[in-house]
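# Structural features, examined
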Amino acid sequence: MGVTWNNVFRMECKKAFHNRYFWIALAAGGLFAAMSGLYMVESYQESARILARMGGNPMRQAFGLYNSWIGGEGNSLGFTLFFALLPFLAALPYGWSYQAEIKSGYAKQVQLRAGRHGYLLAKGAAAFLSGGTVILLPLVINFIAVACFVPAVCPTIWFIIYYPMHYGAIASELYFTHPLLFVLMYLCIDFVFAGLFALAATAAGCLSGKRVVAVLTPFLLVLLLQYLRTFLYGRYYKEISPMYFLHASSIQNVADPWIMLAEGLVLLLVSGGILYWKGIRRETF
């Protein structure tokens, strides 16, 4: 009896969002987001107390939501851990599943009923969605939680030293005019890249046949880009490392949309190509 693609996709999503690795990754990301939020809320309240003792708060626009949430601040340990481990957290929920199901024989059974194209498309889509969701949720919760304590004042160039947004950075004009739209834009970017990291893990598992290799491959790729950027220091002032350009404000170099697009397309095409080559064209498992 045949199985429709919708049934396979729903089944894959259920497995992707209801396994212990998804909850472990979500808990770790949530912990890092909470660490960042607590640190920044405490810092804001301490600054407010100091300014109050000085007779008021003449620097109200210097300390706001948009440089206090985890995507806008660059000081806390939680921020560092979250963006450094983002590729690993994105791959952990379901990036290993294809390799595991090939070994168990489950993949063959499903493909006999749904076809290889349908199974692989459902598998890749479920991995993409689980990776994106496990990163998106901590970011959104952190933003909402910090907004409960820190006012959402619109950033201004008069306090540019408090807002790490360099000239020429992606959508920098939007940051100072419609900051909420800027945040939503970056949430979408982070969701897409996290999903692509999960898809890359799926492809790596297809090549290597090892779960550990699958989960660690996106993290190692980002570390490689992080290492390569050191050779460009002082020569090239566009950010090439996702560890930095997925943060919603500039860490060192400015984020360039063309670099982000190019790296995203490479991840998509290479991962999709590997899955097609190994999963569709081969005759046996």
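On a predicted model such as this, the values are computed, not experimentally measured, just so you know.

## Some words on a positive patch on the surface
On the surface, a cluster of positive charge is made up of Arg20, Lys103, Lys210 and Arg211. Tracing the backbone through its elements, the reader meets Lys103 in helix H5 (residues 97-104). Judged by its relative accessible area of 61%, Lys103 falls in the exposed class.

## Focus: the nonpolar core
Of all hydrophobic cores here, the largest spans 65 residues; its most connected members are Trp69 and Ile135. Ranked by residues supplied to this core, first place goes to helix H9 (residues 179-208) with eleven residues. Beyond its immediate sequence surroundings of up to four residues, Trp69 is in contact with Leu139, Asn142, Phe143, Val146, Val183, Leu187 and Ala248. Of all hydrophobic cores here, the second largest spans twelve residues; its members include Tyr98, Val110, Leu199 and Cys206.

## Remarks on the side chain of Glu12
Within the secondary structure, Glu12 sits in helix H1 (residues 5-17). A distance of 2.7 Å separates polar atoms of two side chains, one belonging to Glu12 and the other to Lys123. If sequence neighbours within four positions are ignored, Glu12 has contacts with Tyr94, Glu101, Tyr106, Tyr119, Ala122, Lys123 and Ala126.

## Regarding helix H2 (residues 20-53)
Compared with an ideal rise of 1.5 Å per residue, which puts 34 residues at 50 Å, H2 spans 49 Å between its outermost C-alpha atoms and is within 8% of the ideal. The N-terminus of H2 is capped by Asn19, whose side-chain oxygen sits 2.9 Å from the backbone nitrogen of Tyr21.

## Considerations on the confidence of the model for the chain
Predicted confidence across the chain gives a mean pLDDT of 87, with 93% of residues reaching 70 or more. The secondary structure element of the chain with the lowest average pLDDT is helix H6 (residues 106-114), at 72, and the one with the highest is helix H4 (residues 86-91), at 96.

## Things to note about the environment of Val183
If you trace the backbone, Val183 turns up in helix H9. On the basis of relative accessible area, Val183 is assigned to the buried category, the value being 2%. For the pair formed by Val183 and Leu121, sequence separation is 62 residues and the distance between their alpha carbons is 30 Å. Dropping the residues within four chain positions of it, Val183 is found in contact with Tyr66, Trp69 and Phe143.

Reading the values: rules and limits
Each chain has its residues counted from 1, running along the sequence as written. Local features in this predicted model are restricted to residues whose pLDDT is 70 or higher, and side-chain atom pairs enter the listing and the counts only when it is 80 or higher, whereas totals over whole chains, interfaces and linings include all residues. Water and hydrogen atoms were dropped before computing side-chain values, which therefore reflect all heavy atoms in the structure. Exposure above 30% relative accessible area and no salt bridge define the residues that can form patches, which grow by joining like charges within 9 Å and nonpolar side chains of Val, Leu, Ile, Met, Phe, Trp and Tyr within 5 Å. Reported accessibility uses the Shrake-Rupley method at a 1.4 Å probe radius. Residues are deemed covered only where the shown protein chains occlude them. Only one rule defines a salt bridge in this text: a Lys or Arg side-chain nitrogen within 4 Å of an Asp or Glu carboxyl oxygen. Asp and Glu count as negative and Lys and Arg as positive, but His and the ends of the chain are not part of the count. Where a charge lies is defined by one atom per residue type, namely NZ (Lys), CZ (Arg), CG (Asp) and CD (Glu). Secondary structure counts use DSSP, requiring at least four H or I residues in a row for a helix and at least two E residues in a row for a strand, with both numbered from the N terminus. Throughout, exposure labels follow a simple rule: accessible area from a 1.4 Å probe, protein chains only, divided by the maximum for the residue type, with under 20% read as buried, over 50% as exposed, and the rest as partly exposed. We define the nonpolar core as a collection of buried residues of types Ala, Val, Leu, Ile, Met, Phe, Trp, Tyr and Cys that are connected through side-chain atoms lying within 4.5 Å of one another. Working rule for contacts: check all heavy atoms of both residues, and any pair within 4.5 Å makes them a contact. The definition of a polar contact used here is a pair of N or O atoms within 3.5 Å, where within protein one atom must be able to donate a hydrogen and the other to accept one, and adjacent residues in sequence count solely through side-chain atom pairs. Any helix carries an expected span of 1.5 Å times its number of residues minus one. Note on scores: pLDDT gives the predictor's confidence for each residue, bounded by 0 and 100.

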